[in-house]
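# Residue-level structure breakdown
Below are the chains, spelled out letter by letter.
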Amino acid sequence: MFLTLGGGYALLRELLWMDMFREGWAAASVLLVLVGATMLAFGTDIFRLQDAFFSMTPKRIVYRVSVLGRQQEINWEEVSALDITESLVTFVLVSGRQRYLRLGAIQQPEIARHVSRSLHLAAIEKGLVLNGIKASSFKPALQA
């Protein structure tokens, strides 16, 4: 807030109260306002700097691959098929739309493989079409 308010005051001073207009001072004031407004936006979560994550439950999949990316949420009941390659997971929805999870954007290859295998197993368990082949769901060996 200090940068935004200080830069705003300096800019008003240059524009309204000073007899001689100084371009350098005005540009510096605008820069202070922009830096301050950007920091305020990060501080109030208008721009989000959150970690990349992947979460899968029996009802939905939630993920964010990049730090500045949007959070994606997909309900399992909306998914009709999955196409899983080495670098991309394509969720084919019942509506015909497609949603993508870029595995190549995950920085650690072990985690990308783990996410891919987890989605692969979940698709088999739910009986979805996986890479063009209808998977048959299996019954768990032990039921509690």
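Before any of the text, the structure's been laid out above.
This write-up is about the structure you can find in this document. If you're wondering where the values come from, they're calculated on a predicted model, not measured in any experiment.

### Examining the environment of Lys134
- Here Lys134 is to be found in strand S8 (residues 133-134).
- What makes Lys134 exposed here is its relative accessible area of 58%.
- Sequence-wise, Lys134 and Ala27 are 107 residues apart; in three dimensions their C-alpha atoms are separated by 62 Å.
- Ignoring any residue separated from it by four or fewer positions in sequence, one finds Lys134 in contact with Gly127, Leu128 and Val129.
- A distance of 2.5 Å separates a polar atom in the side chain of Lys134 from the backbone oxygen of Gly127.

### A few points about the sheet that holds strand S3 (residues 72-75)
- Here we have 3 strands laid out as an open sheet, ordered S1-S2-S3, and antiparallel in their pairing. This sheet does not close on itself; its edge strands, each paired only once, are strand S1 (53-56) and S3. Sheet twist, expressed as the mean angle between neighbouring strand axes with direction ignored, is 10°.
- One ladder, built from 4 bridges, connects S1 with strand S2 (residues 60-64); its direction is antiparallel. If you follow Phe53 over to S2, its bridge partner there is Arg64.

### Re the packing of aromatic side chains
- Per the counting criterion, the structure on display carries 2 aromatic pairs.
- Between Tyr9 and Trp17, the aromatic rings sit 5.9 Å apart at their centres with planes inclined by 50°, giving tilted as the arrangement. Each member of the pair Tyr9 and Trp17 is classed as exposed.
- Seen in terms of ring centroids, Tyr63 and Phe91 are 6.4 Å apart; in terms of plane orientation they differ by 20°. Their pairing is stacked. Here Tyr63, found in strand S2, pairs with Phe91, found in strand S5 (residues 88-93); they are 28 residues apart in sequence, far enough to count as distant.
- Given the relative accessible area of 3%, Tyr63 is considered buried.
- The exposure class of Phe91 is buried, given its relative accessible area of 0%.

### Comments concerning the nonpolar core
- Residues Trp76, Val79, Leu82, Val89, Phe91, Leu101 and Leu119 are the most contacted members of the largest nonpolar core, which totals 20 residues.
- For this core, the elements supplying multiple residues, two or more each, are S2, strand S4 (79-84), S5 and helix H3 (109-126).
- For this core, the element with the highest residue contribution is H3, accounting for 5 residues.
- If sequence neighbours within four positions are ignored, Phe91 has contacts with Ile61, Tyr63, Ile74, Val79, Ala81, Leu82, Arg97, Gln98, Arg99, Leu101 and Leu119.

### Description of the sheet that holds strand S7 (residues 129-130)
- In space, the 5 strands of this open sheet follow the order S6-S5-S4-S7-S8, with mixed pairing throughout. At either margin of the open sheet sits one strand with a lone partner, and together these are strand S6 (98-102) and S8.
- When S7 meets S8, the two strands line up antiparallel, connected through 2 bridges. The partner of Leu130 across the bridge, within S8, is Ile133.
- The strands that H3 touches are S4, S5, S6 and S7; relative to S4, the one it contacts most, it runs at about 140°.

Parameters and conventions
- Residues numbered from 1 in each chain as written.
- Predicted model: local features only at pLDDT ≥ 70, side-chain atom pairs only at ≥ 80, totals over all residues.
- Heavy atoms only, no water.
- Helix = DSSP H or I, 4+ residues; strand = E, 2+ residues; numbered from the N terminus.
- Buried < 20%, exposed > 50% of the residue type's maximum accessible area, 1.4 Å probe, protein only.
- Contact = heavy atoms within 4.5 Å.
- Polar contact = N/O pair within 3.5 Å; in protein donor to acceptor, adjacent residues only side chain to side chain.
- Pairing = 2+ DSSP bridges.
- Axes fitted to C-alpha atoms, helices over the stretch in contact; angles between N-to-C directions.
- Phe/Tyr/Trp six-rings, centres within 6.5 Å; stacked < 30°, edge-to-face > 60°.
- Core = buried A, V, L, I, M, F, W, Y, C linked by side-chain atoms within 4.5 Å.

The values are spatial; any link to function lies outside them.
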